[in-house]
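Residue-level structure breakdown
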Amino acid sequence: IDIRKNHGKVIITSEKTLDEEFEKYRMSVSPTKMHDLLYYTDLFISEGATMVSECAVLGTQTIYVNSLDAGTLKEQEKLGLIYSLRKDDILISLVQELIEKNKLDKQIARELSKEKLADKIDVTQYILDLIEND
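Residues numbered from 1 in each chain as written. Predicted model: local features only at pLDDT ≥ 70, side-chain atom pairs only at ≥ 80, totals over all residues. Heavy atoms only, no water.

A word on the environment of Asp69
- Turning to its location among the elements, Asp69 is positioned in the loop between strand 2 (61-65) and helix 4 (74-78).
- Residues Asp69 and Leu85, spaced 16 residues apart in sequence, show a C-alpha to C-alpha distance of 9.3 Å.
- Excluding its chain neighbours within four sequence positions, the residues that come into contact with Asp69 are Lys74 and Arg86.
- There is a polar contact of 3.3 Å between the side chain of Asp69 and the side chain of Lys74.
- For Asp69, the side chain forms a polar contact with the side chain of Arg86, separated by 3.1 Å. (Helix = DSSP H or I, 4+ residues; strand = E, 2+ residues; numbered from the N terminus. Contact = heavy atoms within 4.5 Å. Polar contact = N/O pair within 3.5 Å; in protein donor to acceptor, adjacent residues only side chain to side chain.)

This is the structure:
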């Protein structure tokens, strides 16, 4: 928090009770607005693979901290959209490095996201085509 607060607003969303020192960073976000928040965020740090993957698709740099390996994140990690850590022991140094090397560029992250999605199908359109052509 001390590193990031000098480079932008720090927001914590949590369903759990936070220690008093972190409460001032809490933001209550409607579930319908969560993806808006993730889209405009420069850096997302989480132990949840689903939201980490969603951030990568939205073009938001993400640090995934979890001892569990999530195979679905491997492709996004190869593109540089996700940094996976099995332990949080280097989290602070990684955040410092990303800031110092200016690796939190939203435009670059969004381009990487577009690159990842370019060869994927639009599932909604696929289902509509199945229904309409059946």
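A look at the packing of helix 3 (residues 49-58) against helix 6 (residues 106-117)
- In contact at an axis separation of 7 Å, helix 3 and helix 6 are set at 100° when each is read in the N-to-C sense. In terms of their interaxial angle, helix 3 and helix 6 are classed as roughly perpendicular. On helix 6, the residues touching Ala56, Val57 and Leu58 of helix 3 are Arg110, Ser113 and Leu117. (Axes fitted to C-alpha atoms, helices over the stretch in contact; angles between N-to-C directions. Parallel < 35°, antiparallel > 145°, perpendicular 65-115°, else oblique.)

Structural notes on helix 3
- All of the buried residues along helix 3 are Val52, Cys55 and Ala56. Along the axis of helix 3, the buried residues cluster in a sector spanning 100°; they form a single face. (Buried < 20%, exposed > 50% of the residue type's maximum accessible area, 1.4 Å probe, protein only. Arc of directions from axis to C-beta.)

Observations concerning the nonpolar core
- Residues Met34, Leu38, Phe44, Val52, Cys55, Ala56, Tyr64, Ala70, Leu73, Leu81, Ile82 and Leu112 constitute the largest nonpolar core, which totals 12 residues.
- Per-element accounting of this core gives the leading share, three residues, to helix 3.
- Among all residues touching Ile82, those that are not within four sequence positions of it are Val52, Ala56, Thr62, Tyr64, Leu73, Gln76 and Glu77.
- One finds Leu43, Val65, Leu85 and Leu98 within the second-largest nonpolar core, a separate group that totals 10 residues. (Core = buried A, V, L, I, M, F, W, Y, C linked by side-chain atoms within 4.5 Å.)

Observations concerning the sheet that holds strand 2
- The sheet built from three strands is open, its strands ordered 1-2-3 with parallel pairing. The sheet is open, and its two edges are formed by strand 1 (43-46) and strand 3 (82-85), each paired on a single side. The sheet shows a mean angle of 15° between the axes of neighbouring strands, taken without regard to direction.
- Strands strand 1, strand 2 and strand 3 of the sheet are contacted by helix 5 (residues 91-100), whose axis makes an angle of about 170° with strand 2. (Pairing = 2+ DSSP bridges.)

Some remarks on the pattern of salt bridges
- Summed over the entire model, instances satisfying the criterion amount to 10 salt bridges.
- For Arg26, the salt bridge is made with Glu23, and the minimal N-O distance between the two is 2.6 Å.
- Note on Arg26: relative accessible area 27%, which makes it partly exposed.
- For Glu23, a relative accessible area of 33% translates into the label partly exposed. (Salt bridge = Lys/Arg side-chain N within 4 Å of Asp/Glu carboxyl O.)

Functional significance is not addressed by these values, which are geometric in nature.
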